[in-house]
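Close look at the chain arrangement
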Amino acid sequence: MPSRPMRNLWNRVDQRLEQLLIRPEENLSAALESNRADGLPSIDVSPLFGNSSAC
């Protein structure tokens, strides 16, 4: 397992790539908020991973 500093680095890389490559989707955001409000567990993949696997 990577060290904490490496995990933090990769988390920042993922966040930056999401900012550059992923456009927010209102319907998806509303669905995720509804899931949280209903107490459903969060089992989502990151937007970057979901976008790359949908191609």
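Residues numbered from 1 in each chain as written. Predicted model: local features only at pLDDT ≥ 70, side-chain atom pairs only at ≥ 80, totals over all residues. Heavy atoms only, no water.

Here the largest pocket is characterised by a volume of approximately 370 Å³. Along the walls of the largest pocket sit 15 residues, with Ile 22, Arg 23, Glu 25, Leu 28 and Pro 47 positioned nearest its centre. Elements that contribute at least two residues to the lining of the largest pocket include exactly helix 2 (26–37) and helix 3 (47–53). Per-element tally for the lining of the largest pocket: the top contributor is helix 2, with four residues. For the lining of the largest pocket, the residue count by class is seven nonpolar, four polar and four charged. (1 Å grid on protein atoms, 1.4 Å probe; cavity = no way out; pocket = protein on both sides within 12 Å on 5 of 7 lines; lining within 4 Å. Points joined across faces, edges and corners; volume = space filled by probe spheres on them. Helix = DSSP H or I, 4+ residues; strand = E, 2+ residues; numbered from the N terminus. Nonpolar A, V, L, I, M, F, W, Y, C, P; charged D, E, K, R; others polar.)

What follows is about the pattern of salt bridges. Counting across every chain of the model gives one salt bridge. The residue Glu 33 makes a salt bridge to Arg 36 at a minimum N-O spacing of 3.3 Å. Of this pair, Glu 33 and Arg 36 both sit in helix 2, three residues apart, roughly one helical turn. Assessed through its relative accessible area of 54%, Arg 36 is described here as exposed. (Salt bridge = Lys/Arg side-chain N within 4 Å of Asp/Glu carboxyl O. Buried < 20%, exposed > 50% of the residue type's maximum accessible area, 1.4 Å probe, protein only.)

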